[in-house]
Amino acid sequence: MDKKGVFVGFFADMIGWAFLFIGIIFWIFIFTIIKESITSEISEIPYAGDDVVMLSYLRTPTGKGIVLDAIYDAYKYNDNTAVHSALDRSLNAVYGRVKTVCWKLGYYVGEDRRLLVEESCGETKELFDKDLVVPLPYNPQKKNIKLKLTVPGYK
Amino acid sequence: MIFKKQKKGMILIFTLGLLFCFVIMPLLFVRLESKRVQFERKIGDMQFNAIDTYQEADGVLFYIDESARYAAHQAIFDLGLKGGHTEPCEEYQGYALWVNGYEECYPEPKKALPVFVESYFNEYLAAYPSTLSNDYDFLVKQENKLNIIGVAAINLNFENDNETYSSKYSIKPSFKAVIDYNINDYDVLKQVSKDMVNYVRDCEAEKALSLCVSEAKAIANGRIRANGMEFVAESECRAITLKGESRIYGFCAKSNKEVIAYESVQGRTEFFPVVIKFAIKFPRTITAAT
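On a predicted model such as this, the values are computed, not experimentally measured, just so you know. (Residues numbered from 1 in each chain as written. Chains lettered and ligands numbered in written order. Predicted model: local features only at pLDDT ≥ 70, side-chain atom pairs only at ≥ 80, totals over all residues. Heavy atoms only, no water.)

### Examining the overall build of chain A
Step number 1: Scanning chain A from N- to C-terminus turns up five helices and four strands.
Step number 2: Listing the helices and strands of chain A from first to last along the sequence gives α-α-α-α-α-β-β-β-β.
Step number 3: Evaluated residue by residue, chain A yields a buried proportion of 44% over its 155 residues.
Step number 4: Sequence separation of 24 or more characterises 58% of the internal contacts of chain A that already satisfy a separation of 6 or more.
Step number 5: A total accessible area of about 8800 Å² is found for chain A, and carbon and sulfur atoms account for 60% of it. (Helix = DSSP H or I, 4+ residues; strand = E, 2+ residues; numbered from the N terminus. Buried < 20%, exposed > 50% of the residue type's maximum accessible area, 1.4 Å probe, protein only. Contact = heavy atoms within 4.5 Å. Areas by Shrake-Rupley, 256 points an atom, 1.4 Å probe, with all protein chains shown as cover.)

Here it is, written out as structure tokens:
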């Protein structure tokens, strides 16, 4: 008797079950849409360590002095050898774990950007982009320069 | 009994469905939406604002540190060319006279160096795009390497305002420039100069002054080599060779340490060895005078 009662009751509740099922599907749909927008908002937050990263690149020792001294040689005497090898090594150590990165080091003359040294790019994906005012070795005419270092992608 | 049970079950699941669809889930939805309004400014926005302020300060501190290093390099280079003096007691053909007959005027490089450093360092601070205080006290300390310490008197203040947050960061921009150089080289040269004067005084009784000076210089050269220096041609000190006019001889001691500095004759900034330029006017000995 009890068994029969349960069996009949189950079919009689089908409307209720169907209603609950449709309700769950509906709300899953609603929450999926909301969840997507939450995820995108969080992922838009930029990486905040750019300045510190760039400063540590510039402080990296080279054969003679630090990378900053080598940048001066490139800037003043077009001698790119030291800065090229030092930056290529540093940037690939950080961003080039999967593929070899390309990068550009330039400086500003007023509002114009001039290229100092670069590694040409194949695949574009912005990995690093920062400007920084740095001092130059002493010269009565020019004391500092605004540098721009970018890692625009992979080779 | 069967009917009764069926009705009860139907009411239970239907009521649960209604409750779920029209009460529980809408409440959750409203709750989530209200949370979303709170996250309009992005998660961690305030913290990133604080980090940005810190990073802005770090960029300026880097500029100050490296400016101090370059100023120190230039100061060491120029101090050598000035014979360790800011203003020599007596000058002859661009040489600082350390010994002028019976008068001695040896340099005090630990006092003179900060004067040079401060002058160049202030030029760097003045060239920075924003205003930086140049109120510093300088200290020179020789350890394994030369330490030039700048103690800032005034804090650097940074403020980063956006629509909702404001971060303030205040720091004393003191610095320590560590240069691979030994300022005690001047003490070595001072002692060597005294010895050269004594040697020439004794030697001149028997030989010509120029010969005695050459011998004294050769002996002195052996001693200063132990300290990583050697006497070289005066042209390396951007000076003319003094041929003993008025008993004055010039010396150019070149160190094996290099600094990155601006050299005004060539108009180039690159690594140059530190050279110390000085002259001695050998006093007349009693024998020579009579």
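Additional details are given in the paragraphs that follow.
### Considerations on the packing of helix α4 (residues 185-203) of chain B against helix α5 (residues 209-225) of chain B
Residue and element names in this part refer to chain B.
Step number 1: For the pair α4 and α5, interaxial distance at closest approach is 9 Å and the crossing angle is 145°. Where α4 crosses over α5, the handedness of that crossing is right-handed. Between α4 and α5, the residues in contact are Val 188, Leu 189, Gln 191, Val 192, Asp 195, Met 196, Tyr 199, Val 200 and Cys 203 and Leu 209, Cys 212, Val 213, Glu 215, Ala 216, Lys 217, Ile 219, Ala 220, Arg 223 and Ile 224, respectively.
Step number 2: Class assignment of the residues belonging to the contact of α4 with α5 gives a composition of 14 nonpolar, one polar and four charged. (Axes fitted to C-alpha atoms, helices over the stretch in contact; angles between N-to-C directions. Left-handed = near helix turned anticlockwise from the far one by under 90°. Nonpolar A, V, L, I, M, F, W, Y, C, P; charged D, E, K, R; others polar.)

### Here's the deal with the nonpolar core
Proteins that are soluble and globular tend to have nonpolar side chains buried together.
Step number 1: Counting 103 residues, the largest nonpolar core has Leu 105 of chain A together with Leu 113, Phe 231 and Phe 282 of chain B as its most contacted members.
Step number 2: Broken down by element, the residue count for this core peaks at 14 residues, all from helix α2 (residues 45-81) of chain B.
Step number 3: Ignoring any residue separated from it by four or fewer positions in sequence, one finds Phe 282 of chain B in contact with Met 196, Val 197, Val 200, Leu 209, Val 213, Arg 247, Tyr 249 and Phe 251 of chain B.
Step number 4: Core analysis: the second largest hydrophobic core is formed by seven residues, Trp 27 of chain A together with Ile 13, Cys 21 and Met 25 of chain B among them. (Core = buried A, V, L, I, M, F, W, Y, C linked by side-chain atoms within 4.5 Å.)

### Topic: the pairing of strand β4 (residues 136-142) of chain B
Residue and element names in this part refer to chain B.
Step number 1: Side-chain alternation along β4 places Tyr 136, Phe 138, Val 140 and Gln 142 on a buried face and Asp 137, Leu 139 and Lys 141 on a face that remains uncovered.
Step number 2: As paired elements, β4 and strand β5 (residues 146-152) share seven bridges and run antiparallel to each other. Note on β5: the bridge partner recorded for Leu 139 is Ile 149.
Step number 3: Hairpin connection from β4 to β5: three residues lie between these consecutive antiparallel strands. (Pairing = 2+ DSSP bridges.)

### Re unusual backbone geometry
All names here are of chain B.
Step number 1: Here Arg 238, not a glycine, exhibits a phi torsion of approximately 55°, which is positive.
Step number 2: Secondary-structure assignment places Arg 238 in the loop between β9 (229-231) and β10 (248-263).
Step number 3: Taking the relative accessible area as the measure of exposure, Arg 238 reaches 28% and is therefore partly exposed.

### Description of the sheet that holds β4 of chain B
The strands making up a sheet associate through backbone hydrogen bonding, with each pair oriented either parallel or antiparallel.
Residue and element names in this part refer to chain B.
Step number 1: Pairing is antiparallel across the open sheet formed by three strands, whose spatial order is β4-β5-β8. Every interior strand has two partners, whereas the edge strands, β4 and β8 (175-179), have only one. On average, each strand axis in the sheet is inclined to that of its neighbour by 15°, with strand direction left out of account.
Step number 2: Together, β4, β5 and β8 form the strand contacts of α2, whose direction differs from that of β8 by roughly 45°.
Step number 3: Packed onto the sheet, helix α3 (residues 109-127) meets β4, β5 and β8 and runs at close to 135° relative to β4.

### Considering the sheet that holds strand β4 (residues 144-154) of chain A
All names here are of chain A.
Step number 1: Strand order in the open sheet formed by four strands is β2-β1-β4-β3, with antiparallel pairing between adjacent strands. Each edge of the sheet is formed by a strand with only one pairing partner; in this case those strands are β2 (112-119) and β3 (123-135). Here the strands of the sheet are splayed against their neighbours by 20° on average, with no regard to which way each runs.
Step number 2: Examined bridge by bridge, strand β1 (residues 101-109) and β2 share seven bridges and lie antiparallel to one another. In the strand pairing of β2, Val 109 is matched with Asp 112.

### Considering helix α4 (residues 67-77) of chain A
Step number 1: When α4 of chain A is considered as a whole, its buried residues turn out to be Val 67, Leu 68, Asp 69, Ala 70, Ile 71, Tyr 72 and Ala 74 of chain A.
Step number 2: Backbone geometry just downstream of α4 of chain A places Asn 78 of chain A in the positive-phi region, at approximately 55°.

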